[in-house]
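Summary of the model geometry
Take a look at the letters that make up each chain.
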Amino acid sequence: VQLQASGGGLVQAGGSLRLSCAASGRTSSSSARGWFRQAPGKEREFVAAMSWSGGSRYYGYSVKGRFTISRDNAKNTAYLQMNSLKPEDTAVYYCAAGYEHPTINLAAPTEYAYWGQGTQVTVSS
């Protein structure tokens with residue numbers, strides 16, 4: 001499985017960006033999809049995740065109410081709509097995919113077997 005993230009860029013504070021993560025290879029729509037980010041000098045941080053059915057969605061505390069995760073299983077693509085961006089949202093954003101199981105913790109990076117290459121998001125003040 002290969003994941004290709006795109007949509008990053010430079011935006012002013014208060015602006016919006018939409019990230020995409022396309023999966024290819026031996027993909028399955030029956031997988032959890034997640035987004036994480038890592039800023040320079042900081043640990044990787046959970047941003048958002050959702051189950052394959054879309055019935056479960058979780059968000060990191062710092063992005064809740066501003067970011068929305070979604071997916072199109074027909075296209076094997078996950079999205080992250082980011083609104084009201086702040087300079088502290090600046091980071092490399094990584095998408096991830098992992099096979100679901102009954103006790104999966106969608107916020108844990110260890111649950112995800114496949115990772116994209118990352119896309120840079122820079123928010124200027």
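Description of the structure in this document. Keep in mind that what you see is a predicted model, and the values were worked out from it rather than measured. (Residues numbered from 1 in each chain as written. Predicted model: local features only at pLDDT ≥ 70, side-chain atom pairs only at ≥ 80, totals over all residues. Heavy atoms only, no water.)

1. Thoughts on the pairing of strand β7 (residues 67–72)
The following threshold applies: Accessibility here uses a 1.4 Å probe with only protein chains present; expressed as a share of the type maximum, an area under 20% marks a residue as buried, one over 50% as exposed, and anything in between as partly exposed. Put simply, DSSP H or I for four residues or longer makes a helix, DSSP E for two residues or longer makes a strand, and each gets a number counted from the N terminus. Pairs of strands are assigned from DSSP output, requiring at least two bridges between the strands.
Burial of the side chains of β7 is restricted to one face: F67, I69 and R71 are buried, whereas none of T68, S70 and D72 on the reverse face is. Pairing analysis gives six bridges linking β7 to strand β8 (residues 77–82), with the strands arranged antiparallel. Bridge assignment links D72 to a residue of β8, and that residue is T77. Where β7 hands over to β8, the hairpin turn is made up of four residues, of which N76 adopts a positive phi near 55°.

2. Points about the pattern of salt bridges
To keep things clear, this is the line we draw: Salt bridges are defined as contacts in which a side-chain nitrogen from Lys or Arg sits within 4 Å of a carboxyl oxygen from Asp or Glu.
Counting across every chain of the model gives three salt bridges. For E45, the salt bridge goes to R37, with nearest N and O atoms at 2.9 Å. Measuring nitrogen to oxygen at the nearest pair gives 2.9 Å for the salt bridge that ties R37 to D89. Here R37, found in strand β4 (residues 31–38), pairs with D89, found in the loop between β8 and β9 (91–99); they are 52 residues apart in sequence, far enough to count as distant.

3. Observations regarding the state of the cysteines
Here is the rule we go by: Our working definition of a disulfide is a cysteine sulfur pair at a distance within 2.5 Å.
A full pass over the atoms with the stated rule returns one disulfide. For C21, the disulfide goes to C95, at an S-S distance of 2.1 Å. On the sign convention where negative means left-handed, the S-S torsion of about 65° between C21 and C95 marks this disulfide as right-handed. In this pair, C21 sits in strand β3 (residues 17–24) while C95 sits in strand β9, placing the two residues 74 residues apart along the sequence.

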